[in-house]
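# Notes for the structure review
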Amino acid sequence: MSQPAGSGRKPPLKVLLCSPRGFCAGVVRAIDSVERALDRYGAPVYVRHEIVHNRYVVESLKAKGAIFVEELDEIPETDAPVIFSAHGVPKSIPEEAKKRNFFALDATCPLVTKVHREAEIHHKRGRQIVLIGHAGHPEVIGTIGQLPSGAITLVQSVDEVAAFMPRDPGNLAYVTQTTLSVDDTADIVAALKARFPQIHGPHKEDICYATTNRQEVVKKVAPMVEAMVVVGSPNSSNTQRLKEVAERAGCARAALVQRAEDIDWSLFGSLTSLGITAGASAPEILVEEVIGAFAERYAVSVETVTTAEESMFFPLPRVLRETEAAE
Ligand code: SF4
């Protein structure tokens, strides 16, 4: 068993730190949008839904004056900014915000917006659209809500592809949620193409660069370690996928933890090697906290395993950029 701090010599533990991990460009932009709005307009700033799926981030922004709501009807009449989260919103939400004269700021990740535009183009061309994604996720609700009811059909698995009855099998297109498992999605796309060879779709799929890169490095690290910790929130889709990827790549002891205090030490006793990664909405400070918790029990040596370099950057929403320039 590992030993708590102060109980003698600690056993060695080699930590392989996945890179890339943690914040992606869309999450940075969304959080910066809230912080920038708070600086510029003062508190409160309303945010519809968790700006990104991370409790620590949400609590930090609450402490600075952000008020989180699930629906616009929870917001009183106000001049304060109302920000839409990185996951995107159905078209009805900005319309409702306009009716109520809200000062709306859209922090939807540009890579989610790109999927919305793809869906609109397919719809204009008369195609029925299949959305590969997870029911109930805000991004899926937002994408389905770009078009009239019935224009998009959600498909979650290869089995659901087999059961899908399109209106016109020769006139179909597909789009995907951005934060899916690359491998599962490839299987679903293959099943769609096998049944409907003429189906239109993106060149690859719509899974974003950050999701793809974080899964790739986990695939490399997971077979090299006895256990993996994925830092992130249970309601974060890309984070959940990282845990699944680790398990499928051969690491049976994989756990998702929000913070060091959540670590179940019964899972992490008697280790000599450990992989650590973080979902796209998990701040690096929480990764450091988790490494610190292991360092209290083990003599930790950290090595970074890098499979991709990232340089993606998304500018802030225009109105926030303009106010920045004016100052
Ligand atoms: S995970 Fe991908 S789609 Fe989601 S916010 Fe980050 S870059 Fe955008």
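First, a word on what this report is: a plain description of the structure on this page. All values reported here derive from a predicted model rather than from experimental measurement.

Further remarks concern the overall build of the protein chain. In terms of regular secondary structure, the protein chain is built from eleven helices and twelve strands. Since a compact globule built from 327 residues should have a radius of gyration of about 20 Å, the 22 Å found for the protein chain is in line with a globular shape. Each of the three principal axes of the protein chain carries a C-alpha extent, and together these read 70 × 55 × 30 Å. Across the protein chain, contacts joining residues at least 24 apart in sequence account for 76% of those joining residues at least 6 apart. Total accessible area on the protein chain stands at roughly 14700 Å², and carbon and sulfur atoms take up 53% of it.

Another point: the sheet that holds strand E8 (residues 172–176). The strand order E7-E6-E8 describes an open sheet built from three strands, whose pairing is parallel. Only two strands of the sheet have a single partner each, and these edge strands are strand E7 (152–155) and E8. The mean angle between the axes of side-by-side strands here comes to 30°, regardless of whether they run parallel or antiparallel. Pairing of strand E6 (residues 128–132) with E7 involves four bridges; the strand directions are parallel. Looking at E7, one finds that Val-130 is bridged to Thr-153. Helix H7 (residues 182–195) rests against E6, E7 and E8 of the sheet, and its axis sits at about 155° to E6.

Attention shifts here to the pattern of salt bridges. For the coordinates displayed, the defined rule picks out 15 salt bridges. Where Lys-62 meets Glu-59, a salt bridge forms, and the shortest distance between an N and an O atom there is 3.5 Å. Taken together, the residues Lys-62 and Glu-59, both in helix H2 (residues 55–64) and three residues apart, mark about one turn of the helix. Two residues, Glu-247 and Lys-243, come together in a salt bridge whose shortest N-O distance is 3.1 Å. Of this pair, Glu-247 and Lys-243 both sit in helix H9 (residues 237–248), four residues apart, which is roughly one turn of the helix. Taking relative accessible area as the criterion, Glu-247 reaches 33% and is therefore assigned partly exposed. Residues joined by salt bridges that share partners form a network here, namely Lys-91, Arg-117 and Glu-120.

Let us now look at the packing of helix H8 (residues 209–221) against H9. The N-to-C vectors of H8 and H9 enclose an angle of 25°; their axes lie 9 Å apart at closest approach. The angle between the axes of H8 and H9 places the two elements in the roughly parallel class. H9 is crossed by H8, and the crossing has right-handed handedness. Two secondary-structure elements touch here, H8 through Thr-211, Arg-214, Gln-215, Val-218 and Lys-219 and H9 through Asn-238, Arg-241, Leu-242, Val-245 and Ala-246. Tallied by class, the residues present in the contact of H8 with H9 amount to four nonpolar, three polar and three charged.

On to the nonpolar core, then. Val-34, Val-47, Ile-51, Val-52, Leu-61, Phe-68 and Ile-83 are the most contacted members of the largest nonpolar core, which has 30 residues in total. Among the secondary structure elements, those contributing two or more residues to this core are helix H1 (25–41), strand E2 (45–48), H2, strand E3 (66–69) and H8. Sorting elements by how many residues they give to this core places H1 first, with seven residues. Leave out the neighbours within four places in its chain, and Phe-68 touches Val-47, His-49, Glu-50, Ile-51, Val-58, Leu-61 and Lys-62. Core analysis: the next-biggest nonpolar cluster, separate from the first, contains 23 residues, Ala-227, Val-257, Leu-286 and Val-287 among them.

One open sheet accounts for four strands, arranged E3-E2-E4-E5; its pairing is parallel. Each edge of the open sheet is held by one strand with a lone partner, namely E3 and strand E5 (103–106). With direction set aside, neighbouring strand axes in the sheet form an average angle of 25°. Examined bridge by bridge, E2 and strand E4 (residues 81–84) share three bridges and lie parallel to one another. What sits directly across from Arg-48, in E4, is Phe-84. Helix-sheet contacts for H1 involve E2, E3, E4 and E5, and the interaxial angle to E4 is about 180°.

This structure, assessed with the given rule, holds five aromatic pairs. Ring centres of Phe-268 and Phe-294 lie 5.6 Å apart, and the angle between their planes is 85°; on these two criteria the pair is classed as edge-to-face. With a gap of 26 residues between them, Phe-268 in the loop between strand E10 (253–257) and strand E11 (273–278) and Phe-294 in helix H10 (residues 284–297) connect regions that are remote in the sequence. Its relative accessible area of 0% is what places Phe-268 among the buried residues.

Tracing the chain through its elements places Thr-108 in the loop between E5 and helix H4 (110–124). You can call Thr-108 buried: its relative accessible area is 5%. A polar contact is formed between the side chain of Thr-108 and the side chain of Asp-106, at a distance of 2.5 Å. Those residues within four positions of Thr-108 in sequence are excluded, and the remaining contacts are Arg-29, Phe-84, Ser-85, Ala-86, Gly-88, Val-89 and Thr-113.

For H7, with 14 residues, the first-to-last C-alpha span of 20 Å sits near the 20 Å given by 1.5 Å per residue. Restricting attention to buried positions, one finds in H7 the residues Val-182, Thr-185, Ile-188, Val-189, Ala-191 and Leu-192. Contacts made by the buried residues of H7 are with E6, E7, helix H6 (158–163), E8 and H8.

Rules of the game
- Residues numbered from 1 in each chain as written.
- Predicted model: local features only at pLDDT ≥ 70, side-chain atom pairs only at ≥ 80, totals over all residues.
- Heavy atoms only, no water.
- Helix = DSSP H or I, 4+ residues; strand = E, 2+ residues; numbered from the N terminus.
- Rg over C-alpha atoms; globule rule 2.2 N^0.38 Å.
- Contact = heavy atoms within 4.5 Å.
- Areas by Shrake-Rupley, 256 points an atom, 1.4 Å probe, with all protein chains shown as cover.
- Pairing = 2+ DSSP bridges.
- Axes fitted to C-alpha atoms, helices over the stretch in contact; angles between N-to-C directions.
- Salt bridge = Lys/Arg side-chain N within 4 Å of Asp/Glu carboxyl O.
- Buried < 20%, exposed > 50% of the residue type's maximum accessible area, 1.4 Å probe, protein only.
- Parallel < 35°, antiparallel > 145°, perpendicular 65-115°, else oblique.
- Left-handed = near helix turned anticlockwise from the far one by under 90°.
- Nonpolar A, V, L, I, M, F, W, Y, C, P; charged D, E, K, R; others polar.
- Core = buried A, V, L, I, M, F, W, Y, C linked by side-chain atoms within 4.5 Å.
- Phe/Tyr/Trp six-rings, centres within 6.5 Å; stacked < 30°, edge-to-face > 60°.
- Polar contact = N/O pair within 3.5 Å; in protein donor to acceptor, adjacent residues only side chain to side chain.
- Expected span 1.5 Å × (residues − 1).

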